[in-house]
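Notes for the structure review
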Amino acid sequence: MKSIKSPAELTYMEQAGKIVDRAMQVGRLAISVGARECDVGAAVNHALYTGTPEFGGWTSRSPISMNVGSPANAVHLTWTDGRYKMGCQTNFELGAFRHRYCCALARTVFLGEPNARSRHVHQACVDGFLAAFEAIRAGVKCSDVERAFRREFGPRGVRKESRIGYSIGIDWVEGGPNFQEGDETVLQTNMTFHLLIGIFEKTDGYIFSETVRVTDDGAKSLSNMSRDLLVNC
């Protein structure tokens, strides 16, 4: 495990970031009434492996988690051969790879107008994510980042008790520090994390994440994917 990444390693992760953004957009656009879940999954996998015109992707044991439901409130599931119906929600958690280096990205996509509760959960997750993101910089502790998230997210009435991020780089989960209570690891420049806000409760389901790099001045996301609520009509 190597938490601090070299310039070459960061280049591979940035390239993987471009691949995962493209794959997420491919998956989102493939969702429509009557489409099969497995065909959406196949489109995403194809995008992850073919990469971009400039550089190709790579394989992994589990490059995609794709939970479909109403709400989608389980974790680490894949697709079925069921067909999409209006009102379905899809939680995409994708990992693109470039020479074994991973960049992960998660978004929730709604087919049809989400209800008020889903909109509330989305906003709580995004605001909590941004609070954590803005707390990340060299010299602060992992637990400080988690605490910043809790201050923003806690009053929103949405339950989340698990960690909000972990070290990522060579493969998906590389066994380094975590953004959670009690982790006193001090952040250093060029550490990389999967900053992940996942809600998996009986009546609430949502997922939102980006891979981020620690700098002296703050966090830098390796994704350019929209942070808006994603709705397909």
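Below: a short report on this structure. (Residues numbered from 1 in each chain as written. Predicted model: local features only at pLDDT ≥ 70, side-chain atom pairs only at ≥ 80, totals over all residues. Heavy atoms only, no water.)

**Brief notes about the overall build of the protein chain**
When you go through the protein chain residue by residue, the secondary structure sums to four helices and eight strands. Going residue by residue from the N terminus, the α and β elements of the protein chain occur as α-α-β-β-β-α-α-β-β-β-β-β. Radius of gyration (C-alpha) of the protein chain: 17 Å, near the 17 Å computed for a compact globule of 233 residues. Projecting the C-alpha coordinates of the protein chain onto the three principal axes gives extents of approximately 50 × 45 × 25 Å. Across the 233 residues that make up the protein chain, the buried fraction comes to 56%. Of the contacts made within the protein chain by residues no fewer than 6 positions apart, 69% connect residues no fewer than 24 positions apart. On the protein chain, roughly 10100 Å² of surface is accessible, and the fraction owed to carbon and sulfur atoms is 50%. Of the side-chain charges in the protein chain, 27 are positive and 26 negative, and the distance between the mean point of each set is 2 Å. (Helix = DSSP H or I, 4+ residues; strand = E, 2+ residues; numbered from the N terminus. Rg over C-alpha atoms; globule rule 2.2 N^0.38 Å. Buried < 20%, exposed > 50% of the residue type's maximum accessible area, 1.4 Å probe, protein only. Contact = heavy atoms within 4.5 Å. Areas by Shrake-Rupley, 256 points an atom, 1.4 Å probe, with all protein chains shown as cover. Lys, Arg positive; Asp, Glu negative; His and termini not counted. Charge placed at Lys NZ, Arg CZ, Asp CG, Glu CD.)

**Focus on the state of the cysteines**
For the structure on display, the rule yields zero disulfides. The thiol of C103 is not disulfide-bonded; the next cysteine sulfur, from C102, is found 6.8 Å away. (Disulfide = S-S within 2.5 Å.)

**A closer look at unusual backbone geometry**
Residue P71 follows S70 across a cis peptide bond; omega there is 5 degrees. By the element assignment, P71 lies in the loop between β1 (64-69) and β2 (89-98). One non-glycine residue, D171, lies in positive phi territory at about 70 degrees. Although it is not a glycine, N190 adopts a positive phi angle of roughly 75 degrees. Among the residues examined, N190 registers a relative accessible area of 18% and is labelled buried.

**Digging into the nonpolar core**
Judged by nonpolar contacts, the single largest core of 38 residues is most densely connected at Y84, F92 and L94. Elements supplying a minimum of two residues to this core: α1 (7-30), α2 (37-50), β1, β2 and β3 (101-111). Among residues more than four places away in sequence, those in contact with Y84 are I31, S32, V33, G34, A35, E37, V40, M66, V68, T90 and L111. Counting 30 residues, the second-largest nonpolar core is a separate cluster that includes F110, F129, I164 and F193. (Core = buried A, V, L, I, M, F, W, Y, C linked by side-chain atoms within 4.5 Å.)

**Remarks on α2**
Over its 14 residues, α2 extends 20 Å from the first C-alpha to the last, a length consistent with the 20 Å expected when each residue adds 1.5 Å. Burial in α2 covers these residues: E37, C38, V40, G41, V44, N45, A47 and L48. Contacts made by the buried residues of α2 are with α1, β1 and β2. Two residues or fewer after α2 comes G51, characterised by a positive phi angle close to 70 degrees. (Expected span 1.5 Å × (residues − 1).)

**Focus on the side chain of T52**
As for its placement among the helices and strands, T52 is situated in the loop between α2 and β1. A relative accessible area of 14% places T52 in the buried class.

**A short note on the side chain of S3**
Of note, S3 is situated in the segment before α1. The class for S3 is buried, based on a relative accessible area of 15%.

**Observations regarding the pairing of strand β7 (residues 218-221)**
Residues in a regular strand point their side chains to alternate faces of the sheet. Pairing analysis gives four bridges linking strand β6 (residues 205-215) to β7, with the strands arranged antiparallel. Its bridge partner being in β7, V212 is matched across the sheet by S221. Where β6 hands over to β7, the hairpin turn is made up of two residues, counted between the paired strands. (Pairing = 2+ DSSP bridges.)

**Here we look at the environment of Y166**
Here Y166 is to be found in strand β4 (residues 165-167). For Y166, a relative accessible area of 5% translates into the label buried. Sequence separation between Y166 and D21 is 145 residues; the distance between their C-alpha atoms is 20 Å. In contact with Y166, not counting residues within four places along its chain, are E93, W172, V173, P177, N178, T192, F193, H194 and L196. Polar contacts involving the side chain of Y166 include one to the side chain of H194, which spans 2.7 Å. (Polar contact = N/O pair within 3.5 Å; in protein donor to acceptor, adjacent residues only side chain to side chain.)

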